Amino acid sequence: MSNNNPYLQIDRQMVGDIYTSREVMDNLTVLCDDFGSRFAGTPEERKAAEFIAETFGRYGLNDVRLESYPYAGWSRGGGTLEVVEPIQKPLHYISLPYCPASDVTGKLVSVGYGSPEEYDRLGENMTGNIVLAGSASKPGLGRWVHRKEKYERAVLGGASAFIFVSEHPGVGPETGSLQDDCAAPIPGISVCKEDGEFLQRLMARNSGVQLRISTTDINEPRTSWNIIADLPGTEIPDEMVVLGCHYDGHDISQGAVDPASGMVLVMEAARVLAQYAASRIKRTVRFIAFGTEEIGLTGSFRYVDAHVSELDNVRFVFNLDAAGGSSRKGVVLHRWLELEPFFHQAAKEMAAEMPVGQNVHPYSDHFPFFLKGVPTAHMGDPESAPSGRGFGHTAYDTLDKVELVNLRTGSSIAARLALRIADTQEFPAQRRSINAVEELLDTDTGMEGYRVAAALKKRLQP
């Protein structure tokens, strides 16, 4: 059978190297075991940034650099959560990033899964009370409702505090930021599934459950870094393809799957492309390790602001956030219908299981580029149903959850796609107009959380 793959030789070189090397797992081990969570503002964050930059340089990439930027930092403090009526009982909790220092006593009310309809039903009963919401999305809703959307609906409803309940037993509280690059307006904390169900039972048996939440978290300015490295194009170096992922995790975990498994895919793609494609790739491939994604996509927003003059020359941004986990290594396009044939053809040519589809959300580092009209996608399974994070954002997102075969599969697909996008003469997508972006922001179901955030921002403006 004939093979119409013009990249067959280089594909075999890159894939053969990836599948006979443990480099990708070795890099993941260093990120997780040596640098822990790499949470924004910690010494380990800086050490991880330096390790990624040193590795990019060792692989032979050009112009490797750390670009610093200011952001609104946050540090976890101590505190207490206790039931004060109808019984007295202390409970374990964790503050969610950007939680302010506070002391709140109030009645507990439940909003169930935290779907828009459940918030509407609760209505004025939120005012002045502590809102309890589960991390799972309501079955049949058709989309995943992000923690931040649930928190912001509680703030808009006049709640005095917010409690996020993990949907998974045995993994403890689930973390995640309350706001983007700014202190949160009301305290937000997380409890485990077991304590959440205890509180639900207590409310079912009693008409007035009162809680007290005391937090001592610290919000203060800090500095972080994006790490950038280039594999220059041989013919049109000013045009580029971006492969990116954030390297920061949450302070309670190694963040092995989310995000580090994706970060090492970026590094492995850089390694094999630099070794086997440097002399022939037509356009530049830029590799970016974004900082402070977990607390508001801050690194990618700062990158876009600093490089806005280059965006017309960015053909495509492929976000590999958490892509080395167990999901299929497909291409989830962010409403770019004209790109589907290109990627279907690439999958056929590569003989790869690489589903291609359309979806978009505002909760990872592709989003600042999306807002500027740049063609974007993330690696994942476009055919999977909306679901929770599993071990993600818990203390159990650890190195042992990651399988080498998934890292190899994701690396090989990312490298081969980057080569094809950089080399093809005519790429089917062009940068969107701002009007076209705004239409998607106003109408796409995946943008509902963005619209809620915009409403809260407008409410909080002086």
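The paragraphs below set out a description of the structure included in this document. (Residues numbered from 1 in each chain as written. Predicted model: local features only at pLDDT ≥ 70, side-chain atom pairs only at ≥ 80, totals over all residues. Heavy atoms only, no water.)

### Digging into the pairing of strand E6 (residues 130–134)
For step 1, the next point in the chain: Counting buried positions along E6 gives five out of five residues, so the element sits mostly inside the fold.
For step 2, the next point in the chain: Here E6 shows no split at all, with Ile-130, Leu-132 and Gly-134 on one side and Val-131 and Ala-133 on the other all buried.
For step 3, the next point in the chain: The pairing of strand E5 (residues 102–110) with E6 spans three bridges and is classified as parallel. Directly across from Val-109, in E6, lies its bridge partner Val-131.
For step 4, the next point in the chain: Looking at chain direction, E6 and strand E7 (residues 161–165) are connected through five bridges and run parallel. (Buried < 20%, exposed > 50% of the residue type's maximum accessible area, 1.4 Å probe, protein only. Helix = DSSP H or I, 4+ residues; strand = E, 2+ residues; numbered from the N terminus. Pairing = 2+ DSSP bridges.)

### Quick notes on the packing of aromatic side chains
For step 1, the next point in the chain: Taken as a whole and judged by the stated rule, the model has 16 aromatic pairs.
For step 2, the next point in the chain: Relative to Phe-343, the ring of Phe-316 lies with its centre 5.4 Å away and its plane at 40 degrees, an arrangement referred to as tilted. With a gap of 27 residues between them, Phe-316 in strand E13 (residues 314–319) and Phe-343 in helix H9 (residues 340–350) connect regions that are remote in the sequence. There is no split in this pair, since Phe-316 and Phe-343 are both buried.
For step 3, the next point in the chain: Seen from their ring centres, Phe-342 and Phe-343 are 5.1 Å apart, and the 80 degrees between their planes marks the pair as edge-to-face.
For step 4, the next point in the chain: One aromatic cluster in this structure is built from Phe-316, Phe-318, Phe-342, Phe-343 and Phe-427.
For step 5, the next point in the chain: A cation sits over an aromatic face here: Arg-46 above Trp-225, 4.7 Å from the ring centre. (Phe/Tyr/Trp six-rings, centres within 6.5 Å; stacked < 30°, edge-to-face > 60°. Lys NZ or Arg CZ within 6 Å of the ring centre and 35° of its normal.)

### Quick word on the sheet that holds strand E14 (residues 330–333)
For step 1, the next point in the chain: What the eight strands build is an open sheet, ordered E1-E10-E12-E11-E13-E16-E14-E15; its pairing is mixed. Lying at the two open borders of the sheet, with one neighbouring strand each, are strand E1 (62–75) and strand E15 (356–358). On average, adjacent strands in this sheet sit at an angle of 25 degrees to one another, irrespective of strand direction.
For step 2, the next point in the chain: Where strand E11 (residues 236–246) meets strand E12 (residues 283–290), eight bridges bridge the pair, whose relative direction is parallel. Considered in E12, the bridge of Met-240 is made with Thr-284.
For step 3, the next point in the chain: Relative to the sheet, helix H8 (residues 298–306) contacts E1, strand E10 (218–231) and E12, its axis offset from that of E1 by approximately 125 degrees.
For step 4, the next point in the chain: Sheet contacts for H9: E13, E14 and E15; angle to E15, the most-contacted strand, approximately 160 degrees. (Axes fitted to C-alpha atoms, helices over the stretch in contact; angles between N-to-C directions. Contact = heavy atoms within 4.5 Å.)

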